[in-house]
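One-letter residues, chain by chain:
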Amino acid sequence: MQTRAPLLVGRDAELVELTRALSGARAGRGGSAHLVGEAGIGKSRLAAMVAGRAFDAGMRVLRGRGSAIGPMVPFRPLAEALLSLFRGGESFEDGELGPYRPALGRLIPEWGGSAPAEPVSLVVLAEAVLRLLAVAGRDRGCLVVLEDLHDADAETLAVVEYLTDNLDLQPVMLLATIRNEPGAALDLARAGERRRTGRLLELSRLDRAQVRVMAASCLEIPPSEVVDDVVQRLWADSAGNPFIVEELLHSMVSSGLLVPSGEGWQVVGPLRTEVPAAVARSIANRTDRLGPQGRMVLSVAAVLGHRFPLSVVREVADIDDRGLLSHLHAGVAAQLVTPDEPAPDWYAFRHPLTAEALLSQLAPLDRAELSSKAADAVLELHPELPGHWCQLVASLRLDAGEEAAAGRLFAEAGRRALRDGAAGSAITLLDKANRLLTRRLDAGIRADILESLLPALAEAGHFDRAFQLAGKLSDLDGDGLDARRRAALHTRLAKVAYLAGRSADGAEQVAAARALLGPDPSDEDGARVDVVAAYMELDMPRPDRLTRAEELAFRAVAAAERSEQPVVACEAWELLGIITREHDIARAVECLERARQLGEQHQLPLQRAYAVMRLAGIDWLSTSDTLSLERARDEALRIGAITMAYSADAIIALDTVLGGDFGLAAERIEACAESVVRLQLGSMVRYIMMAKAALAGHQGRRREMDEALAEFRRWGGEKSQEAPLAVGLARVFCALLEENRPLALQELAETLAYEAATPTTFHLAGRHGLDLLLGVVDGRHDWSHYREIADSPAGRMRWNHHFTQLAAAVLHGRDGDGAQAAEAMARAQQAGAAFPLARHLGLRLVAESAHADHWGDPVAWLRRAEEYFHHNGITGPASACRALLRQVGVSVQQRRLGADQVPTALRSLGVTVREYDVFRLLVDRLGNKAIATRLHISPRTVEKHVASLIAKTQQPDREALTTYANAILAP
């Protein structure tokens with residue numbers, strides 16, 4: 001037997017009408033329909049059937065649902081429906097929605113960053129939704145299903161009413177389900193029916209024949225074989241409500257009143273099932289059959305939630321194990337509860353509505369009393385409230401009306417969630433505690449909550465909310481809160497400001513904290529302020545910022561370890577790792593490993609994740625492998641550390657630029673930029689805009705690069721740590737690709753001057769690599785400068801190492817040591833394999849010196865570089881390579897039509913298009929005359945081409961060339 005009827009019974013007429021409406025929507029004649037009826041009448045099932053037909057017809061199907069569970073969420077059904085548009089990666093151009101796209105930020109988080117400053121009127125929002133739906137359905141039609149509209153908020157109903165009145169000329173159908181209970185949703189449906197802008201389909205109960213068909217479907221037998229007594233009882237007791245028909249039939253079978261017999265079913269004894277008039281009454285009747293004590297047991301269980309522990313139920317109901325299990329077994333038989341298999345001491349209600357129906361039958365005072373007793377029982381059994389118990393008791397205290405106690409427990413649960421790395425859950429719990437306790441307790445408890453809530457909001461990227469809460473810090477000043485606690489709150493807010501890239505705000509908060517603590521703070525207080533101040537120093541535009549940050553970090557480490565503050569120690573060790581990686585990679589790794597170990601030892605997942613992220617960054621700088629970064633990002637997402645995850649995304653995006661996959665890089669940059677701009681993560685916006693500028697610069701697209709750099713400056717980039725990268729990876733490369741060496745050198749000089757004035761923790765801008773190579777090539781730098789740069793940790797980073805080895809090759813060649821030059825060149829090529837553009841640019845730069853000093857193979861290098869630049873549409877270096885080849889007396893292939901058809905291996909050897917035509921015919925072992933006839937050229941010309949091919953491919957004779965051609969062109 002099936003729990004639910006596999007067939008839709010008794011809705012043929014409605015289904016025909018709705019199917020016709022779907023066809024109209026696909027043809028651009030949209031409209032709305034409202035399915036109205038009592039609970040269990042089959043509204044959702046009919047809506048699902050219509051949605052299935054729409055899907056089969058190729059229409060786009062969007063679903064949303066109103067909910068009475070929890071607080072009212074404005075626009076929930078609409079937001080849920082519209083968000084499904086984007087789960088498959090769907091995108092809409094701004095031009096398609098025009099000025100209405102910003103208004104949709106209220107419903108679609110991804111667009112929230114562009115939301116207008118002033119609130120949007122409901123009419124504008126409704127029109128925006130209408131236009132988005134029209135765009136979504138323009139090619140194939142769109143069905144929007146909004147279920148349980150009776151539970152929707154007034155704002156949602158206002159938008160639905162607007163849609164109902166304006167869908168007639170759109171490729172959109174709106175289908176809503178509404179209970180036939182007095183309310184705004186039902187009024188809306190009836191008004192639409194009167195205005196003839198929407199259909200109202202009121203679903204009636206099933207008749208006797210339809211009940212028989214439905215029962216037969218559940219029992220999987222022909223309708224004629226359903227026992228008449230069963231049909232009569234189902235019809236009489238259900239009054240034709242499909243859900244209750246199923247419930248009653250299931251009850252008959254589970255109670256043994258209806259049993260299988262051969263290929264059919266037979267009734268055993270009188271059918272005595274009690275008949276509910278609605279779902280809640282059905283559950284109440286089944287509960288009544290358990291007796292007063294059984295009803296009490298389930299009422300206690302309902303107070304505890306959908307899942308409930310037997311130990312607590314036993315204490316509150318004051319019943320022994322045998323009696324408890326007896327009632328639970330009866331509840332299982334009545335299809336009310338079921339064992340929660342993974343947890344042997346736990347049971348669960350078969351459906352969450354069961355617990356809700358039981359709670360609805362309790363008087364408010366009775367429910368409060370049971371909740372209070374349940375909370376006391378949990379505390380007696382689990383005094384420390386480990387794991388989920390803390391949140392459970394908090395909810396019970398709240399249901400008991402004990403708001404102060406509930407607030408304290410929610411605060412504790414939130415702090416635990418934050419320690420466990422669950423930032424999202426921490427925010428929810430701490431928010432609830434803050435609301436409960438704001439006007440009820442002393443300032444100290446409220447300060448406790450804010451101390452935990454502020455960093456949780458920061459890690460989740462909710463900076464605006466954090467600063468809104470921080471605006472209330474002044475409210476605590478007159479509440480007797482001591483200076484140390486107020487200083488701690490200012491310190492927390494300074495860390496929020498650092499993560500948001502708001503250095504001026506952060507410095508102001510640090511100053512406020514220091515003023516409150518005075519000149520001689522305790523180790524505990526001093527360490528907290530010093531570590532945040534150290535991070536803030538990194539963003540200060542002054543020459544000693546790294547030195548000052550390092551001093552503060554060392555002071556914070558010492559004070560934190562003396563006062564046993566592992567969180568502060570982790571943060572300080574992490575910062576020391578960032579600062580020291582320029583001059584001592586091994587020491588940097590030691591610092592970060594120390595932070596990671598402390599995080600693991602003290603069970604601090606957030607701090608551990610930060611250390612792992614920094615270690616992954618060092619690994620990337622050393623190897624250009626992003627695997628460890630990707631793993632660190634995944635861990636950050638798992639614990640809800642959104643800002644950390646976006647930091648990894650930004651680095652991976654830059655790696656993709658340096659790796660030469662410009663299409664993928666553009667996608668990654670845009671995806672990351674949209675998120676970090678929306679969240680106002682200043683430092684990350686600067687980093688991703690720098691990467692965007694580098695992407696344009698590496699393609700020689702100056703206008704796009706300048707636009708990205710302008711955006712970079714608007715986010716405070718001019719005096720930031722990212723400024724040297726914006727010049728060295730964007731403007732310098734763009735100048736080199738324009739073959740404007742003087743401009744590139746000028747840009748590099750600007751970068752080096754900025755780094756000297758304001759040292760940075762980023763080391764790929766040119767000082768440790770590209771500047772060395774250009775200086776060696778033009779004779780400005782010698783071996784002493786080379787050793788100073790190449791022996792530094794930053795010079796050994798893979799990106800820089802590629803350029804330092806090219807510089808070494810030029811110096812060795814200039815000294816007449818061709819063997820050493822070749823070895824250095826090989827090392828450079830190995831390091832540069834991860835950076836195709838930089839690698840080929842290096843070949844173009846080094847080839848001039850190699851030819852002048854008679855070492856290496858400058859002709860082959862120039863050909864390889866010319867092939868790369870030509871293939872990627874970078875004309876300046878490609879033309880320069882061809883000019884240099886002509887200067888050294890080498891014939892240069894013409895870039896004629898069809899060159900792209902020549903395999904890369906042959907193009908790199910200088911094989912022309914016409915030579916390739918001859919090469920392909922060698923596979924058939926044709927003679928010169930036959931090839932000449934095929935190509936309409938002379939045999940003498942064929943002979944010249946064959947000779948050229950033998951020389952270029954370095955084959956000994958024509959036979960070897962033919963064999964080589966077969967190998968190259970083999971499928």
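Look up: the structure comes first, before these words.
Mapped onto the elements, Ser 720 comes out in the loop between helix 34 (702-714) and helix 35 (723-737). Residues Ser 720 and Ser 683, spaced 37 residues apart in sequence, show a C-alpha to C-alpha distance of 8.5 Å. Setting aside anything within four residues of it in sequence, one finds Ser 720 in contact with Arg 545, Arg 686, Phe 712 and Tyr 754.

A few words on the sheet that holds strand 10 (residues 346-349). Reading across from one edge, 8-10-9 is the order of the 3 strands in this open sheet, with antiparallel pairing throughout. Because the sheet does not close on itself, it has two edges, and the strands there are strand 8 (307-309) and strand 9 (337-339). Pairs of neighbouring strands in the sheet enclose a mean axial angle of 30°, with direction left out of account. As judged from the 3 bridges shared by strand 9 and strand 10, these two strands associate in the antiparallel manner. From the neighbouring strand, Pro 339 faces strand 10, where its bridge partner is Tyr 347. Most of the contacts of helix 12 (residues 291-304) go to strand 8, to which it runs at about 115°, and overall it touches strand 8, strand 9 and strand 10.

We now examine the packing of helix 5 (residues 122-136) against helix 6 (residues 154-166). Between helix 5 and helix 6, whose axes approach to 9 Å, the crossing angle comes to 55°. Comparing their axes, helix 6 and helix 5 come out oblique. The chirality of how helix 5 crosses helix 6 is right-handed. Across from Leu 122, Val 123, Ala 126, Glu 127, Val 129, Leu 130 and Leu 133 in helix 5, the residues of helix 6 making contact are Glu 155, Ala 158, Val 159, Tyr 162, Leu 163 and Asn 166. Class assignment for the residues of the contact of helix 5 with helix 6 results in 10 nonpolar, 1 polar and 2 charged.

For the pair helix 31 (residues 642-658) and helix 32 (residues 662-678), the least separation of the axes is 8 Å and the interaxial angle reads 155°. Regarding the angle of helix 31 to helix 32, the classification is roughly antiparallel. Helix 31 and helix 32 meet at a crossing whose hand is left-handed. Along the contact surface, helix 31 presents Tyr 646, Asp 649, Ala 650, Ile 652, Ala 653, Thr 656 and Val 657, while helix 32 presents Phe 662, Leu 664, Ala 665, Arg 668, Ile 669, Cys 672, Ser 675, Val 676 and Arg 678. Looking at the contact of helix 31 with helix 32 residue by residue, the classes come out as 11 nonpolar, 2 polar and 3 charged.

Our next topic: the pattern of salt bridges. This model, assessed by the stated rule, comprises 51 salt bridges. Glu 593 is the partner of Arg 596 in a salt bridge, and the nearest nitrogen-oxygen pair spans 2.6 Å. Placement of both Arg 596 and Glu 593 in helix 28 (residues 585-601) is noted, with a separation of 3 residues, approximately one turn of the helix. Taking the shortest distance from any N to any O, the salt bridge between Glu 739 and Arg 844 comes out at 2.8 Å. Of the two residues, Glu 739 is situated in the loop between helix 35 and helix 36 (741-757) and Arg 844 in helix 41 (residues 836-853); the sequence distance between them amounts to 105 residues. Among the residues examined, Glu 739 registers a relative accessible area of 31% and is labelled partly exposed. One salt-bridge network, in which partners are shared between bridges, spans Glu 593, Arg 596, Glu 600, Arg 608 and Glu 635.

The rules we used
- Residues numbered from 1 in each chain as written.
- Predicted model: local features only at pLDDT ≥ 70, side-chain atom pairs only at ≥ 80, totals over all residues.
- Heavy atoms only, no water.
- Helix = DSSP H or I, 4+ residues; strand = E, 2+ residues; numbered from the N terminus.
- Contact = heavy atoms within 4.5 Å.
- Pairing = 2+ DSSP bridges.
- Axes fitted to C-alpha atoms, helices over the stretch in contact; angles between N-to-C directions.
- Parallel < 35°, antiparallel > 145°, perpendicular 65-115°, else oblique.
- Left-handed = near helix turned anticlockwise from the far one by under 90°.
- Nonpolar A, V, L, I, M, F, W, Y, C, P; charged D, E, K, R; others polar.
- Salt bridge = Lys/Arg side-chain N within 4 Å of Asp/Glu carboxyl O.
- Buried < 20%, exposed > 50% of the residue type's maximum accessible area, 1.4 Å probe, protein only.

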